[in-house]
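Inside the fold
Given next are the chains, with one letter for each unit.
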Amino acid sequence: MEVAVLGGGAAGFFTAISCKQHHPDARVVLYEKTEKLLAKVKVSGGGRCNVTHSCFTVSQLVKNYPRGEKFLRKSFEHFHTNDTVKWFESRGVKLKTEVDGRMFPVTDNSQSIIDCLVAEAEKLGVWVKTGASVTAIEKAGAGFVLKFMGDNEKKVNKVIIATGGSPKPEGFVWLKNLGHRIEPPVPSLFTFNIPNNDITSLMGVAVENASVWIEKTKLKQQGPVLITHWGLSGPAVLKLSAVGARVLSEQHYNFKAHVNWLGELNEEEARIKIADELQTSNLKKISNTKPFDIPARLWLYLLDKSGIGEETRWSELKKENRNRLINYLTNHELEVKGKTTFKEEFVTCGGVSLADVNPQTMQSLVCPGLYFAGEVMDIDGITGGFNFQAAWTTGFIAGRVG
Ligand SMILES: Cc1cc2nc3c(=O)[nH]c(=O)nc-3n(C[C@H](O)[C@H](O)[C@H](O)COP(=O)(O)OP(=O)(O)OC[C@H]3O[C@@H](n4cnc5c(N)ncnc54)[C@H](O)[C@@H]3O)c2cc1C
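Remember, predicted model here, so these are calculated numbers, not experimental data.

Quick look at the pairing of strand S7 (residues 134–140)
Where S7 and strand S8 (residues 143–148) come together, six bridges link them in antiparallel fashion. Opposite alanine 136, over in S8, you have lysine 147 as the bridge partner. Once S7 ends, the chain turns through two residues before running back antiparallel as S8, passing glycine 141 with a positive phi of about 65 degrees.

Points about the sheet that holds strand S2 (residues 27–32)
Pairing is parallel across the open sheet formed by five strands, whose spatial order is S6-S2-S1-S10-S20. The open sheet has two edge strands, strand S6 (127–130) and strand S20 (370–372), and neither has a second partner. Between one strand and the next, the sheet's axes are offset by a mean angle of 20 degrees, whatever the strand orientation. With four bridges connecting them, S2 and S6 associate as parallel partners. Across the sheet, the residue bridging to glutamate 32 is threonine 130, located in S6.

Quick look at the pairing of strand S14 (residues 220–227)
Relative to S14, strand S13 (residues 206–214) runs antiparallel, the two sharing six bridges. In the strand pairing of S14, serine 211 is matched with glutamine 222. Between the end of S13 and the start of S14, which pair antiparallel, lie five residues, with lysine 216 showing a positive phi angle near 65 degrees. With two bridges connecting them, S14 and strand S15 (residues 231–233) associate as antiparallel partners.

Quick notes on the domain arrangement of the protein
Once the domains are mapped, the protein shows domain 1 (2–186 + 347–398) and domain 2 (190–341). Put simply, the middle of domain 1 and the middle of domain 2, counted by C-alpha atoms, are 40 Å apart. With six residues of domain 1 at the interface, the matching set in domain 2 holds seven residues.

Considering the site of the ligand
Taken together, 35 residues lie near the ligand, and Gly7, Gly9, Gly45, Gly164 and Gly374 sit nearest. Of all the secondary-structure elements, those providing two or more residues to the shell around the ligand are helix H1 (10–22), S2, helix H2 (39–47) and helix H13 (386–398). In terms of residues, the shell around the ligand owes the most to one element, H2, which gives five residues. Its residues placed into classes, the shell around the ligand shows 14 nonpolar, 14 polar and seven charged.

Details of the environment of lysine 337
Structurally, the position occupied by lysine 337 is in strand S17 (residues 332–337). A count of 15 C-beta atoms within 10 Å places lysine 337 in the partly exposed class. Once the C-alpha coordinates of lysine 337 and histidine 252 are considered, the two residues, 85 residues apart in sequence, prove to be 8.5 Å apart. Those residues in contact with lysine 337 that lie beyond four places of it in its chain are Asn193, Pro195 and Asn254.

Notes on helix H12 (residues 319–330)
Here H12 is 12 residues long and its end C-alpha atoms lie 17 Å apart, about the 16 Å a rise of 1.5 Å per residue gives. Against the buried residues of H12 lie strand S16 (254–260), helix H10 (267–280) and helix H11 (296–305).

Some points on the nonpolar core
In this structure, Val5, Ile160 and Phe372 are the most contacted members of the largest nonpolar core, which totals 103 residues. Of the residues that make up this core, three or more belong to each of domain 1 (2–186 + 347–398) and domain 2 (190–341). Those residues in contact with valine 5 that lie beyond four places of it in its chain are Gly12, Thr15, Ala16, Cys19, Val28, Leu30, Ile160 and Ala162.

Notes on the environment of proline 224
With respect to the element layout, proline 224 can be found in strand S14. Residue classification places proline 224 among the partly exposed residues on the basis of 17 C-beta atoms within 10 Å. The spacing of proline 224 and cysteine 19 is 205 residues in sequence and 41 Å in space, taken between C-alpha atoms. If we skip the residues at most four places from it in the chain, proline 224 touches Ala206, Val207, Glu208, Asn209, Gly234, Pro235 and Ala236.

Rules used in this analysis
Residues numbered from 1 in each chain as written. Predicted model: local features only at pLDDT ≥ 70, side-chain atom pairs only at ≥ 80, totals over all residues. Pairing = 2+ DSSP bridges. Helix = DSSP H or I, 4+ residues; strand = E, 2+ residues; numbered from the N terminus. Axes fitted to C-alpha atoms, helices over the stretch in contact; angles between N-to-C directions. Domains from an automatic or database assignment. Contact = placed C-beta atoms within 7 Å. Near = placed C-beta within 6 Å. Nonpolar A, V, L, I, M, F, W, Y, C, P; charged D, E, K, R; others polar. Buried ≥ 20, exposed ≤ 12 C-beta atoms within 10 Å, placed from the backbone. Expected span 1.5 Å × (residues − 1). Core = buried A, V, L, I, M, F, W, Y, C linked by C-beta atoms within 7 Å.

Written out as structure tokens, the structure is:
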């Protein structure tokens, strides 16, 4: 049996290795269009490669995938985060877990992952061809003919497509031509640009637990928010961008975001806390007595926006300024105009429709003998190692070709 794996990224390598493990006698050839193998792994996680996440329960794990949650529930039964840890550690790559659950090689160097994958593929006898760009696939009897850039052709029995995401729909035409439905690609995991707003003067301020929601949508997330020199970032914003990838693209990234800097505290609760503070700190300066667990720089900024001077004492707080402060604290409106791609971990939402793929085998439901692995499918996760986990899982399953 000759199996062609298209794409030399994380999913392609894991697929080819799995294929050789399950079918030692098969000729497995991995075709990569560029001269570089595992290029994204190299730059991933700021050069450290966030391999997976220490979330070991399938029901919890799937919640980290805005696209693919239902599909992956079945796939993770075959290979999940625990298997990833065991897989790398049994091949000499020890992983460590950071406080937020992200897992990295103990070397803090993505090269450890690359070396491991390349060595394993070589050991098992996977053939690797670089500079081989597949431009079309045609059915030929029970197998396929691959057409390469430069008019070369190759007959194979099975094909596994692990060519990654594409920012443009044209990148999926060759898969559409085989009968697959394509979910239009749009970016996921981006930060919000808030131009011409003095909030950016607070760059570097991190609020541990804020709520962010988008006006006229149901999109809302709670968690850490970071103020940057261009707008808002941090886990809550990135998750919002992932969950709302399609809706926000339709709005051309122009929308109103609202922030409750107090996270769980609502307007009424904030009002009560302020009333309490007024009682206890009557003669103290408001700028010096912060009743909420937010950074001092943000407190001073919000006081200023509410028209409350640095010298103002609680006893001097006017009703009008108090109402403004409560509004800024719990419902700060910010005009978002555009997005900035999150450089640490960038993925595309969209790709081959999951309705056309069997989650237990990764085989195409419209083109038997053809399989998928990785980001080429309409699967993407939030930050934290979930995207690579999807690549390992789908690659492992696809490699079984059966
Ligand atoms: C900067 C950055 C950092 C990231 N960091 C992390 C992280 O730390 N943790 C995490 O979980 N995720 C991370 N991600 C996301 C993660 O890298 C991707 O989800 C993952 O690489 C997808 O793997 P893949 O093999 O499906 O696709 P890719 O890695 O994109 O690989 C696809 C390969 O196929 C090749 N190819 C394409 N078309 C053809 C063709 N026609 N013929 C032959 N070859 C072809 C491409 O050249 C490419 O090498 C990061 C992404 C970026 C951009």
